[in-house]
Amino acid sequence: METTLVLLKPSCVQRGLIGEIINRFERRGLQISGMKMMQLDDEILRKHYAHLVNKPFFPALAGSMKASPIVAMALTGVEAVTVVRGMTGFTNGRRADPGTIRGDYSMSNQQNIVHASDSPESAVEELSRFFAPEEIYQYNHALAGYLYATDEAL
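Analysis parameters
- Residues numbered from 1 in each chain as written.
- Predicted model: local features only at pLDDT ≥ 70, side-chain atom pairs only at ≥ 80, totals over all residues.
- Heavy atoms only, no water.
- Core = buried A, V, L, I, M, F, W, Y, C linked by side-chain atoms within 4.5 Å.
- Buried < 20%, exposed > 50% of the residue type's maximum accessible area, 1.4 Å probe, protein only.
- Helix = DSSP H or I, 4+ residues; strand = E, 2+ residues; numbered from the N terminus.
- Contact = heavy atoms within 4.5 Å.
- Arc of directions from axis to C-beta.
- Pairing = 2+ DSSP bridges.

Chemist: Would you mind going over the nonpolar core with me for this structure?
Modeler: By size, the foremost hydrophobic cluster in this structure holds 22 residues, and its most contacted members are Leu8, Ile21, Phe25, Leu30, Met73, Leu75 and Ile113. It is helix α5 (residues 80-88) that provides the largest number of residues to this core, a total of four residues. Apart from the residues within four sequence positions on either side, leucine 75 is in contact with Glu2, Thr3, Thr4, Val6, Phe25, Leu30, Gln31, Ile32, Ser33, Ala80 and Val84. Within the second largest apolar cluster, 19 residues are counted, among which are Met38, Tyr49, Ala62 and Met65.

Written out as structure tokens, the structure is:
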């Protein structure tokens, strides 16, 4: 099993889409193994977006991410990173396919509802940025036998 990070951004929170987006992940079969609401500050944003800190749009990005609390989630499943990335769609909501989260709920490159880790390696790093180890739970998913064949659920 793999665990990935998803952030429900202020654009999701302010539009009242938290439950809708969580529902999509759960209906797909992903297991919520950690979840909390938090207010982001400059320190965590500079770490999370370290690759963008020197870009001219970073102040606007940071401002939008501090506009309201976010919901941080740890989602677990077989190939969770790939599954979540497929569900979220292309970063720019105008270019995201219908049926994806961004394709259904976003018209923006920045106000695009969710952040999702882009690789298993970045998921490990990002999860540790938003969650203490004791905030991520490992438990048997009651429906695992109906989500995966026995040779898939590792």
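Chemist: Hey, could you run me through unusual backbone geometry in this one?
Modeler: Residues apart from glycine generally show negative phi values, whereas peptide bonds are mostly found in trans. One non-glycine residue, glutamate 79, lies in the positive phi region at around 55°. With a phi close to 75°, isoleucine 113 is a non-glycine residue in the positive phi region. With respect to the helices, strands and loops of the structure, isoleucine 113 is situated in the loop between α6 (101-105) and β4 (114-116). Relative accessible area serves as the criterion here: at 0%, isoleucine 113 is assigned to the buried category.

Chemist: Would you mind going over helix α2 (residues 18-28) with me for this structure?
Modeler: Every α-helical turn comprises 3.6 residues, leaving residues that sit three or four positions apart pointing alike. Residues of α2 that are buried: Ile21, Ile22, Arg24 and Phe25. Projection of α2 onto a plane perpendicular to its axis shows the buried side chains occupying an angular sector of 150°, all on one side. Note on α2: the residue one or two positions beyond its end, glycine 29, has a positive phi of about 115°.

Chemist: Any chance you could explain the pairing of strand β3 (residues 70-77) here in plain terms?
Modeler: Within a regular strand, the side chains alternate between the two sheet faces. For β3, the buried fraction is high: eight of the eight residues fall into the buried class. Neither face of β3 is left uncovered, since the one carrying Ile70, Ala72, Ala74 and Thr76 and the one carrying Val71, Met73, Leu75 and Gly77 both have all their residues buried. As judged from the seven bridges shared by strand β2 (residues 31-38) and β3, these two strands associate in the antiparallel manner. The residue of β3 that forms the bridge with methionine 37 is valine 71.

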